[in-house]
Amino acid sequence: VTGPRTSEQRRRRPPRRPRNDLRQYDDLADHWWRPDGAFAALHWLAQARGRYVPPPSRDDAVLVDLACGAGLMAPHVDGYRHVGVDLNHAALRQAAEHGLEPIRGDITRLPLPDAVADVVVAGEIFEHVADLEAAVSETARILKPGGTVVVDTIADNLLARIVVVHVQERLPGGPPPRIHDPAYFVSPRRLRALFDGHGVTLRTQGLKVHPIDYLRFLRDRSRPVRMLTARASLTLYQGIGAKRSSRTAAIAAEAPDEIEDA
Ligand SMILES: C[S@@+](CC[C@H](N)C(=O)[O-])C[C@H]1O[C@@H](n2cnc3c(N)ncnc32)[C@H](O)[C@@H]1O
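Here's a quick rundown of the structure.

## A closer look at the overall build of the chain
Link 1 in the chain: Per the secondary structure count, the chain includes ten helices and eight strands.
Link 2 in the chain: Within the chain, the proportion of its 262 residues that are buried is 49%.
Link 3 in the chain: Summing over all exposed atoms, the chain offers an accessible surface of approximately 13300 Å²; the carbon and sulfur share of this is 53%.

Written out as structure tokens, the structure reads:
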């Protein structure tokens, strides 16, 4: 429960960084697992992502969590070998404490072999990388044919810039100030096309907070907020997909329009 800020908390206010500066994750390292902390909404999104993670199909099924942060997906991926890749040491240490196998690496150049993952999740990361095509290509490369991918990110449009950057950064449960650079926001159409080009059929849907849960969160900051799906991907959205087998991919290459419309 948050109360008035103490002088100690004021002294420890994070420094002002440029937008999308990786040092922010060090400044906020002790917030990851706090339900009322700067990353509160990442807990809500992890739960929403977890809904689309299928039950593991075998004992040693692998789920790779790209830009895993402190491993907030851990409560939602029971039964998987949960491998987390991130650049941030402090986050990876916490991820390991929550059962992830931590790997320090860049998601645009993954230190992992081809087709290693039954499931790949990539939460709140595509809007942070300069080379989106490399990130998508690497996601698809490490996924087994038939494997599932679950992602969420922020749409590239004027509404998202206003809402996510200018409004939500000032609201409790919103993203930490200056964590996003809207220049990297990603349109759902572009994301679907990039995945399609790498053999993954992706569908997208909008995400929004449950209004009653959010009002409760504003009141006492103690309970998580459920995320609801929406038809339109106006600001925050989710992508759920499957990697086509090489035979389906070959057909797709011959008739891309038919596959895209399916
Ligand atoms: C907004 S957080 C999301 C964390 C986690 N996916 C979640 O939803 O809880 C972004 C994370 O991406 C990591 N990150 C940023 N750029 C990265 C890159 N190129 N490769 C790997 N990790 C990266 C940061 O260190 C941070 O932990």
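There's plenty left to go through after this.
## A word on the packing of helix α5 (residues 132-142) against helix α7 (residues 188-197)
For any two helices packed against each other, one specifies the crossing angle of their axes together with the interaxial distance.
Link 1 in the chain: For the pair α5 and α7, interaxial distance at closest approach is 9 Å and the crossing angle is 50°. Between α5 and α7, the crossing angle belongs to the class labelled oblique. When you trace α5 past α7, the crossing you get is right-handed. Facing α5, whose interface residues are Leu132, Glu133, Val136 and Thr139, α7 presents Arg190, Leu191, Leu194 and Phe195.
Link 2 in the chain: When grouped by side-chain class, the residues that make up the contact of α5 with α7 number five nonpolar, one polar and two charged.

## Quick word on the site of the ligand
Link 1 in the chain: Neighbouring the ligand are 20 residues; Ala67, Asp86, Asp106, Ile107 and Gly123 lie closest to it.
Link 2 in the chain: Leu87 has a polar backbone atom sitting 3.5 Å from a nitrogen atom of the ligand.
Link 3 in the chain: Between the ligand and Ile107, the relevant distance is 3.0 Å, taken from a nitrogen atom to a main-chain nitrogen or oxygen of the residue.
Link 4 in the chain: Taken by itself the ligand offers 590 Å² of open surface, and the protein chains cover 95% of this.
Link 5 in the chain: Residues of the shell around the ligand, tallied by class, amount to eleven nonpolar, five polar and four charged.

## Remarks on unusual backbone geometry
Link 1 in the chain: Of note, the phi angle at Ala67 is positive, near 55°, even though the residue is not glycine.
Link 2 in the chain: Structurally, the position occupied by Ala67 is in the loop between β1 (62-66) and β2 (81-86).
Link 3 in the chain: Of note, the phi angle at Glu124 is positive, near 50°, even though the residue is not glycine.
Link 4 in the chain: In this fold, Glu124 is placed in the loop between β4 (117-123) and α5.

## What to know about the environment of Leu215
Link 1 in the chain: Along the chain, the position of Leu215 falls in helix α8 (residues 211-220).
Link 2 in the chain: Owing to a relative accessible area of 55%, Leu215 belongs among the exposed residues under this scheme.

## Section: α5
Link 1 in the chain: Judged by how many residues are buried, α5 sits mostly within the fold: eight of eleven residues are covered.
Link 2 in the chain: Buried within α5 are the following residues: Leu132, Ala134, Ala135, Val136, Glu138, Thr139, Ala140 and Ile142.
Link 3 in the chain: Those residues of α5 that are buried lie in contact with β1, β4, β5 (143-154), α7, β6 (200-209) and β8 (236-243).

## Description of a nonpolar patch on the surface
Link 1 in the chain: On the surface, Leu158, Ile162, Val167 and Leu171 cluster together into a nonpolar patch covering about 350 Å² of accessible area.
Link 2 in the chain: By the element assignment, Ile162 lies in helix α6 (residues 158-167).
Link 3 in the chain: Its relative accessible area of 40% is what places Ile162 among the partly exposed residues.

## Quick word on the pattern of salt bridges
Link 1 in the chain: Following the criterion strictly, the structure yields 16 salt bridges and no others.
Link 2 in the chain: Notably, a salt bridge pairs Asp213 with Arg226, separated by 2.8 Å at the nearest N-O pair. Here Asp213 is found in helix α8, whereas its partner Arg226 is found in the loop between α8 and β7 (227-230), with 13 residues between them in sequence.
Link 3 in the chain: Its relative accessible area of 4% is what places Asp213 among the buried residues.
Link 4 in the chain: The class for Arg226 is partly exposed, based on a relative accessible area of 45%.
Link 5 in the chain: When salt bridges with common partners are traced through the structure, they connect Arg58, Asp60 and Asp118 into a single cluster.

Calculation notes
Residues numbered from 1 in each chain as written. Predicted model: local features only at pLDDT ≥ 70, side-chain atom pairs only at ≥ 80, totals over all residues. Heavy atoms only, no water. Helix = DSSP H or I, 4+ residues; strand = E, 2+ residues; numbered from the N terminus. Buried < 20%, exposed > 50% of the residue type's maximum accessible area, 1.4 Å probe, protein only. Areas by Shrake-Rupley, 256 points an atom, 1.4 Å probe, with all protein chains shown as cover. Axes fitted to C-alpha atoms, helices over the stretch in contact; angles between N-to-C directions. Parallel < 35°, antiparallel > 145°, perpendicular 65-115°, else oblique. Left-handed = near helix turned anticlockwise from the far one by under 90°. Contact = heavy atoms within 4.5 Å. Nonpolar A, V, L, I, M, F, W, Y, C, P; charged D, E, K, R; others polar. Near = heavy atom within 4 Å. Polar contact = N/O pair within 3.5 Å; in protein donor to acceptor, adjacent residues only side chain to side chain. Patch = residues over 30% accessible without salt bridge, like charges linked within 9 Å, V, L, I, M, F, W, Y side chains within 5 Å. Salt bridge = Lys/Arg side-chain N within 4 Å of Asp/Glu carboxyl O.

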